[in-house]
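# A structural walkthrough
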Amino acid sequence: MDREKIAIVILAAGASKRFGSRKLLSQLKGKPLISYVLNEFCIESYGKKILVVNPYFPLDIVKCERFKILINNNYENGLATSLIIAVNEVLSEGYDGFFILLGDMPFLMETDVEKLLKVIQKDPNCIIAFRYNGIKGFPTYVPKRYFDRVLSLKGDRGIKQLIAAQEVKVRYLEGSWRHIFDVDTPEDLKEAEKFLENPQRIDETTLG
């Protein structure tokens, strides 16, 4: 599959209720948390880069000029509302699929989508994701075949709804802790700081 026919979607419209403040703008080693995923996945060789945010997100604080900004005015109704907005945009542009990433996962890497792409070339019509300790992680690839299913989603579980209902074909790649690590609380942010102080731990760490 031509990588230019695959979009990259970063979901960043959550209310950060567990964190207690604007989580994605919280400083992580001198940069806003969301900057890590924005910088890592502004990949020119892929199709349109899309960032979904809520109406209160201060776009002037982060560097996101290479992303198509989509505003989710219904963000309080869950993650599915952001996915639906993204899928409608991807459909209008005629893409064959898209990668889903989350704005609060600072340790995802460009090499992750390259690994997914190798599987996509062999099996382009299934959802492909990393999995660690039995937990589906990110990035996640969604093919055009399932766009209509995504448009029917509700609530905060996203693609997991489709997988749980066994409505889709899924392939998993063996992942690591960083494919499921996200920052939900201030304690998680402190944990992320510790990893960045000792980058070798990012590759060596396992979660029980």
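For the structure itself, look to the data block above.
A brief structural summary.

Scoring rules and cut-offs
- Residues numbered from 1 in each chain as written.
- Predicted model: local features only at pLDDT ≥ 70, side-chain atom pairs only at ≥ 80, totals over all residues.
- Heavy atoms only, no water.
- Patch = residues over 30% accessible without salt bridge, like charges linked within 9 Å, V, L, I, M, F, W, Y side chains within 5 Å.
- Areas by Shrake-Rupley, 256 points an atom, 1.4 Å probe, with all protein chains shown as cover.
- Salt bridge = Lys/Arg side-chain N within 4 Å of Asp/Glu carboxyl O.
- Lys, Arg positive; Asp, Glu negative; His and termini not counted.
- Charge placed at Lys NZ, Arg CZ, Asp CG, Glu CD.
- Helix = DSSP H or I, 4+ residues; strand = E, 2+ residues; numbered from the N terminus.
- Pairing = 2+ DSSP bridges.
- Axes fitted to C-alpha atoms, helices over the stretch in contact; angles between N-to-C directions.
- Contact = heavy atoms within 4.5 Å.
- Core = buried A, V, L, I, M, F, W, Y, C linked by side-chain atoms within 4.5 Å.
- Buried < 20%, exposed > 50% of the residue type's maximum accessible area, 1.4 Å probe, protein only.

## Points about a positive patch on the surface
Taken together, the side chains of Lys115, Lys118, Lys122 and Arg171 present a region of like positive charge at the surface. If one sorts the elements of the positive patch by residue count, helix α3 (residues 110–122) sits on top with three residues. For Lys115, the position within the fold is in helix α3.

## So, the sheet that holds strand β9 (residues 170–174)
The strand order across the open sheet built from seven strands is β5-β4-β1-β6-β8-β7-β9, with neighbouring strands paired in mixed fashion. A single partner strand is all that each edge strand has here, and the edge strands are β5 (68–71) and β9. Shown here is a sheet whose adjacent strand axes are inclined to one another by a mean of 25°, direction ignored. Where strand β7 (residues 127–132) lies against β9, five bridges are found, and the strand directions are parallel. Bridge pairing links Ile128 to Arg171 in β9. Where helix α2 (residues 79–93) meets the sheet, its contacts fall on β1 (6–12), β4 (49–53), β5 and β6 (97–102), and the angle it forms with β1 comes to roughly 155°. Each of β1, β6, β7, β8 (135–143) and β9 is contacted by α3, which is oriented at about 130° to β7, the strand it contacts most.

## With respect to the nonpolar core
Among the nonpolar cores identified, the biggest contains 72 residues, and Ile34, Leu51, Phe98, Phe99 and Ile159 are the most heavily contacted of them. With seven residues, the top contributor of residues to this core is β1. With residues near it in sequence (within four places) discarded, Leu51 still touches Ile10, Ala12, Ile34, Leu38, Cys64, Phe67, Lys68, Ile69 and Leu70.

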